[in-house]
Amino acid sequence: NHTVVTYFQFLPFSSTPAIQGSLFCLVLFMYLSTLVGNILIITLTMVDAALHSPMYFFLKNLSFLEIGYTTSTIPKMLVNFLSRKQGISFLGCATQMYVFSLLGITECCLLAAMAYDRYVAICQPLRYQAMMSWGKCFLLAAVSWLIGFLVALGQTTSIFTFPYCGPNKINHFFCDLPPLLKLACAATSKNEITTYIIAVLFIMVPFLLIVVSYVQILHTIFRMPSAGDKRKTFSTCSSHLVVVTLFYGSGIVTYLRPKASFSSSSTKLLSLFYTLISPMMNPLIYSLRNNEVKQALKRLI
């Protein structure tokens, strides 16, 4: 005589209406800034011929991912700020988790592809045209999307085949994996192990590839005789390095820290960082630290 859960309820950030209203205005402003900034990056890389290169092809894909990444969670969060019934249907929750996982895992792989592009450009400059042809770029992007599609499909299917028959309150602002596992009416230890394996494979492996690429890049830069050449070369990859640090720093702490150290409030704040703050900062990082993007913006204006 179990009751099947058809609706999940999100617990609010605060029970104080004034704080909820302030959070709504702040999150709405940040979300709109994210959309405007990333749409501007996509527009610049499409219309300006100077930005028709592999580096900006990957940047365009990254901005598209960031738009989808934030849109999969933030609009529903904004609606819940103003609604008394803060929640989501069972099917809506599954869809949200799938889209969020798909875009998150794809972004991990795409950031690794961007690091490989910078490695070839700095460490193998004479072979850059051959090694980073447009066919290779499209292949790297397609493989990133394919990995995200397959992993997210398997993970979401696994989570939502569990029976949910009791509590339906999620102490989060979107359907993320750890809080949902807590609500399942079944033993989830095997699934938690599988989740950690997936996280290590598709979060840490791309991260390690990025680290290896940048070790080689920094080694090449330090061997340059001119300080001006060092600064100029490092400026071409510094924006990507900052983006990787923001995205992976919060993601690794959220999903790979020991289970005993989990705190609902800290998890919410960390999740807000990599679902909203990091995507909002990326266009600013690339526009403020990249002369080519700044010149393209001036030409567009």
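Nothing here was measured: the structure is a model prediction, and the numbers come from that model.

> Just checking my understanding: could you explain the packing of helix α2 (residues 54-71) against helix α6 (residues 134-160) for this structure?
The geometry of α2 relative to α6 is characterised by a closest axis approach of 10 Å and an angle of 25 degrees between their N-to-C directions. It follows from the interaxial angle that α2 and α6 lie roughly parallel. For the crossing formed where α2 meets α6, the hand is right-handed. Along the contact surface, α2 presents Pro-54, Phe-57, Phe-58, Asn-61, Phe-64 and Leu-65, while α6 presents Trp-134, Cys-137, Phe-138, Leu-140, Ala-141 and Trp-145. Partitioned by chemical class, the residues of the contact of α2 with α6 number 11 nonpolar, one polar and no charged.

> Got a minute to help me understand the side chain of Ser-144 in this structure?
Inspection of the secondary structure puts Ser-144 in helix α6. Its relative accessible area of 3% is what places Ser-144 among the buried residues. Only 2.9 Å separates the side chain of Ser-144 from the backbone oxygen of Leu-140, close enough to count as a polar contact.

> Teacher, can you tell me more about the packing of aromatic side chains here?
Aromatic rings considered in pairs are described by the distance between their centres and by the relative angle of their planes. In total, this model carries 18 aromatic pairs according to the counting rule given. Consider the rings of Tyr-69 and Phe-247, whose centres lie 6.2 Å apart with planes at 55 degrees: the pair is tilted. Linking Tyr-69 in helix α2 with Phe-247 in helix α9 (residues 227-256), this pair joins segments that are 178 residues apart in sequence. Arranged with centres 6.3 Å apart and planes meeting at 40 degrees, the rings of Phe-160 and Tyr-164 form a pair that is tilted. The exposure class assigned to Phe-160 is buried, which follows from its relative accessible area of 13%. On the basis of relative accessible area, Tyr-164 is assigned to the buried category, the value being 3%.

> I keep staring at the sheet that holds strand β3 (residues 169-170) and nothing clicks. Help me out?
Paired through backbone hydrogen bonds, the strands of a sheet run either parallel or antiparallel to each other. What the three strands build is an open sheet, ordered β2-β1-β3; its pairing is mixed. Looking at the sheet topology across the chains shown, the edges are occupied by β2 (87-89) and β3. The sheet contact formed by strand β1 (residues 7-10) and β2 spans three bridges and is antiparallel. Across the sheet, residue Phe-8 finds its bridge partner in β2, namely Ile-88. In this fold helix α4 (residues 90-123) packs onto β1 and β2, with an angle of close to 95 degrees to the strand it touches most, β2.

> Looking at this structure, I do not really get a nonpolar patch on the surface. What am I missing?
Nonpolar side chains collect at one region of the surface, where Ile-193, Ile-197, Leu-201, Val-205 and Leu-209 lie side by side and expose about 450 Å² of accessible area between them. By relative accessible area, Leu-209 is classed as partly exposed at 49%.

> Is there a simple way to think about the UniProt feature "transmembrane region" (unreviewed entry) in the protein chain in this case?
With numbering matched to this structure, UniProt assigns "transmembrane region" (unreviewed entry) to residues 20-45, 57-78, 98-116, 137-154, 196-218, 239-257 and 269-288. Spanning residues 98-116, this segment combines 100% helix with 0% strand, and its end C-alpha atoms are found 27 Å apart. The span residues 196-218 shows a helical share of 100% and a strand share of 0%, and its end C-alpha atoms are spaced 31 Å apart.

> Please explain the nonpolar core as it appears in this structure.
Generally speaking, nonpolar side chains in soluble globular proteins are found buried as a group. Phe-58, Leu-62, Leu-111, Ile-210 and Tyr-248 are the most contacted members of the largest nonpolar core, which totals 60 residues. Per-element accounting of this core gives the leading share, 12 residues, to α4. Sequence-distant contacts of Phe-58, defined by excluding residues within four places in its chain, comprise Leu-110, Ala-113, Met-114, Asp-117, Met-132, Cys-137, Leu-140 and Ala-141. Judged by nonpolar contacts, the second largest core, of 18 residues, contains Cys-93, Phe-160, Phe-162 and Cys-175.

What counts as what
Residues numbered from 1 in each chain as written. Predicted model: local features only at pLDDT ≥ 70, side-chain atom pairs only at ≥ 80, totals over all residues. Heavy atoms only, no water. Axes fitted to C-alpha atoms, helices over the stretch in contact; angles between N-to-C directions. Helix = DSSP H or I, 4+ residues; strand = E, 2+ residues; numbered from the N terminus. Parallel < 35°, antiparallel > 145°, perpendicular 65-115°, else oblique. Left-handed = near helix turned anticlockwise from the far one by under 90°. Contact = heavy atoms within 4.5 Å. Nonpolar A, V, L, I, M, F, W, Y, C, P; charged D, E, K, R; others polar. Buried < 20%, exposed > 50% of the residue type's maximum accessible area, 1.4 Å probe, protein only. Polar contact = N/O pair within 3.5 Å; in protein donor to acceptor, adjacent residues only side chain to side chain. Phe/Tyr/Trp six-rings, centres within 6.5 Å; stacked < 30°, edge-to-face > 60°. Pairing = 2+ DSSP bridges. Patch = residues over 30% accessible without salt bridge, like charges linked within 9 Å, V, L, I, M, F, W, Y side chains within 5 Å. Areas by Shrake-Rupley, 256 points an atom, 1.4 Å probe, with all protein chains shown as cover. Salt bridge = Lys/Arg side-chain N within 4 Å of Asp/Glu carboxyl O. UniProt positions renumbered as here; feature names shortened; annotations may be inferred. Core = buried A, V, L, I, M, F, W, Y, C linked by side-chain atoms within 4.5 Å.

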